Amino acid sequence: MSSPSDRVLNAGVLGATGTVGQRFIVLLSQNPMFRIHSLGASERSSGKPYSSATKWKMSELMPAEARNVVVKACDPALFAGCDVIFSGLDASVAGDIEKAFFEANFAVFSNAKNYRMAPNVPLCVPVVNTDHYALIAGQRAEMGLTKGFIVTNSNCSTSGLVVPLKALQDKFGPLKRVVVTTLQAISGAGYPGVASLDILDNIVPLISGEEPKIEEEVLKILGGINADASACAPLSDLRVSATCNRVPVVDGHTECANVEFAGPPPTIDEIKQCLREYTCEAQTLGCYSAPAQVIHVTEEEDRPQPRLDRNAGEGMSVTVGRIRPCPVFHVKFTLLVHNTVLGAAGASILNAEYAAKKGLI
């Protein structure tokens, strides 16, 4: 006998014509848990077949099941029949639209920043902190909803960083300080993104607003929730400093991290073993998108590299290499995350898979 979590869910995608929306459509077309039901975008795209409304930028071909879907305005009344809503909307418009879908009793999984730091909204990297889903009951009670809620995924660079940090925190106790320098791919800027004259033969040492996002989001994700599960309880003792750079790579964010433990530091071999052995609840539940190995530890001295490692675990794994002692902190390493998969659409989809497995959808 099949369980409710085994049924195919009708998915709606907001911001479907943008690059994050396109990644949602590629991943959903490959996922047996979902059926592409409704696609939403701006008024100028509504009423057109998706193939006519979209300037396709993915390396994969446009999925056949999306080509002839007529694009709708992002109005909850037009998305009847959807079990789940994925939002790839730009932050400039996401706030009001996502709120409207939530209040209309839809389960909303957002890639936008608007509700990430709201105290009662899970900011969830699905291989890290699914325990924050305990906040959903309070969201529903506050609004008198039976099915609706909002879950957000993190900033694309945050998503990669918190995975090894979570493994280290769980195994060895609290962390004291983290310094991270990111080398972020151009796909993270969307389309048309960074001008070619700015990025070719160049590195841009500024991504506006990115550094405080990382510094704040890490504390919320690695923290807990309060006693009555009404709000998150971000870490108060950890200090995070981020420096963000845009580099001429298409996909895959590279991050160089330095970590100091609050207590006696583990050995490098203990750290490597901890990272290799890290598992998450999404794996235990058998979620389709959960990677077989959450963290790939590479021993090659010149890895990870974006072109070689970004698709580890179909883009849902984090690759960590160059793990070595740090003369200032305790350990330093380089990590790589696929910024549009685990760092964006893939995280939202795995979040939804997890929610379905837990009977929340």
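Every value quoted in this text rests on a predicted model; they were computed, and no experiment measured them.

A. Inspection of the packing of helix α6 (residues 156–172) against helix α9 (residues 268–277) at higher detail. Put simply, α6 and α9 touch, their axes get as near as 9 Å, and they point 110° apart. With respect to α9, the axis of α6 lies roughly perpendicular. Viewed along their axes, α6 and α9 form a crossing whose handedness is right-handed. Seen from α6, the contacting residues are P164, A167, L168, K171 and F172; seen from α9, they are E270, I271, C274 and L275. Looking at the contact of α6 with α9 residue by residue, the class counts come to 7 nonpolar, no polar and 2 charged.

B. Inspection of the pattern of salt bridges at higher detail. Inspection of every chain in the model, using the stated rule, returns 11 salt bridges. Measuring nitrogen to oxygen at the nearest pair gives 2.5 Å for the salt bridge that ties E260 to R177. Here the residue E260 occupies a position in strand β11 (residues 253–261), and R177 occupies one in strand β7 (residues 175–184), the gap between them amounting to 83 residues. On the accessibility criterion, R177 (34% relative accessible area) is partly exposed.

C. Up close: the pairing of strand β5 (residues 107–110). Alternating residues of β5 divide into A107 and F109 and V108 and S110, and every residue in both groups is buried. Strand direction decides the pairing type here: strand β4 (residues 84–87) and β5, joined by 3 bridges, are parallel. Looking across to β5, one finds that I85 is bridged to V108. Crossover connection from β4 via helix α4 (residues 91–103) to parallel β5: handedness right-handed. Both β5 and strand β6 (residues 149–152) contribute to a ladder of 4 bridges, which runs parallel.

D. Focus on the sheet that holds strand β2 (residues 34–41). The parallel open sheet is built from 6 strands, whose spatial order is β3-β2-β1-β4-β5-β6. Each end of this open sheet is capped by a strand with a single partner; those strands are β3 (72–73) and β6. Of the strand pairs in this sheet, strand β1 (residues 9–14) and β2 are connected by 6 bridges, and their pairing is parallel. Across the sheet, N10 pairs through a bridge with R35, a residue of β2.

E. Representation of the nonpolar core in the model. Judged by nonpolar contacts, the single largest core of 87 residues is most densely connected at F34, F86 and F109. The element that contributes the greatest number of residues to this core is helix α12 (residues 341–357), accounting for 9 residues. Setting aside anything within four residues of it in sequence, one finds F86 in contact with A11, G12, V13, L14, F24, L28, F34, F109, S348, I349 and A352. By size, the runner-up hydrophobic cluster in this structure holds 17 residues, among which are C74, L89, F101 and L145.

F. Inspection of α9 at higher detail. When α9 is considered as a whole, its buried residues turn out to be I268, I271, K272, C274 and L275. Buried residues of α9, viewed axially, fall in a sector of 160°; they line one side. Set apart from the buried face of α9 by more than 90 degrees, the exposed residues are D269 and E277. At its buried positions, α9 is contacted by α6, β11, β12 (295–297), β13 (318–325) and β14 (331–337).

G. Broad picture of the pairing of β7. Bridge count between β7 and β11: 8 bridges; the pairing is antiparallel. Following the sheet pairing, V179 is matched in β11 by N258. With 8 bridges connecting them, β7 and strand β10 (residues 239–246) associate as parallel partners. Note on β10: the bridge partner recorded for L183 is N245.

H. Focus on helix α5 (residues 136–143). Listing the buried residues of α5 in full gives I136, Q139 and R140. For α5, the buried positions fall inside an angular range of 95° around the axis, keeping them on one side. Across α5 from its buried face, at more than 90 degrees, point the exposed residues A137, A141 and E142. Against α4 and β6 lie the buried residues of α5. At the C-terminal side of α5, G144 shows a positive phi close to 70°.

Calculation criteria
Residues numbered from 1 in each chain as written. Predicted model: local features only at pLDDT ≥ 70, side-chain atom pairs only at ≥ 80, totals over all residues. Heavy atoms only, no water. Axes fitted to C-alpha atoms, helices over the stretch in contact; angles between N-to-C directions. Helix = DSSP H or I, 4+ residues; strand = E, 2+ residues; numbered from the N terminus. Parallel < 35°, antiparallel > 145°, perpendicular 65-115°, else oblique. Left-handed = near helix turned anticlockwise from the far one by under 90°. Contact = heavy atoms within 4.5 Å. Nonpolar A, V, L, I, M, F, W, Y, C, P; charged D, E, K, R; others polar. Salt bridge = Lys/Arg side-chain N within 4 Å of Asp/Glu carboxyl O. Buried < 20%, exposed > 50% of the residue type's maximum accessible area, 1.4 Å probe, protein only. Pairing = 2+ DSSP bridges. Right-handed = clockwise from strand over helix to strand, strands pointing away. Core = buried A, V, L, I, M, F, W, Y, C linked by side-chain atoms within 4.5 Å. Arc of directions from axis to C-beta.

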